[in-house]
Amino acid sequence: MNAKPSRGRASAEAASDFGTFDDDSGPGDAEVPPLVLVSGPERVLAERAIDATLEACRAADPEVEVIRLEAAAYESGLIARHASPSLFGGGRVIVVRGL
């Protein structure tokens, strides 16, 4: 795994150090990119990276909605349905596991 993720990617090691989404920010100032890919053989490290990303999203918007999907149960158009804007506003985070 890379120690520092490229824009739009996050490794489990990088997320455990938090503040890694933007090299100029501190732990509380991280800006979450629109797409974060967490990949690696260590499930525990991947969970930490996902948790750190969700924490950053909640820091930016405490009311953010977290939608969890399993790749094995994916139905066509499901991501588009969840990613489309809501009439009530608010941010959304879509976590897809098992890719």
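Residues numbered from 1 in each chain as written. Predicted model: local features only at pLDDT ≥ 70, side-chain atom pairs only at ≥ 80, totals over all residues. Heavy atoms only, no water.

Caption draft 1: Representation of the pairing of strand β2 (residues 92-97) in the model. Because side chains alternate across β2, one face comprises the buried residues Val93, Val95 and Arg97, and the other comprises Arg92, Ile94 and Val96, none of which is buried. Relative to β2, strand β1 (residues 65-70) runs parallel, the two being bridged by six bridges. Each bridged residue has a counterpart across the sheet, and for Val66 the counterpart in β2 is Val93. With respect to chirality, the unit in which β1 leads through helix α3 (residues 78-83) into the neighbouring parallel β2 is right-handed. (Buried < 20%, exposed > 50% of the residue type's maximum accessible area, 1.4 Å probe, protein only. Helix = DSSP H or I, 4+ residues; strand = E, 2+ residues; numbered from the N terminus. Pairing = 2+ DSSP bridges. Right-handed = clockwise from strand over helix to strand, strands pointing away.)

Caption draft 2: Seen up close, the pattern of salt bridges. In this structure the tally under the stated criterion is two salt bridges. With a shortest N-O distance of 2.7 Å, Arg97 and Glu47 are connected by a salt bridge. Of the two residues, Arg97 is situated in strand β2 and Glu47 in helix α2 (residues 43-60); the sequence distance between them amounts to 50 residues. One salt bridge in this structure joins Glu65 and Arg92, with 3.4 Å as the shortest N-O distance. Here Glu65, found in strand β1, pairs with Arg92, found in strand β2; they are 27 residues apart in sequence, far enough to count as distant. (Salt bridge = Lys/Arg side-chain N within 4 Å of Asp/Glu carboxyl O.)

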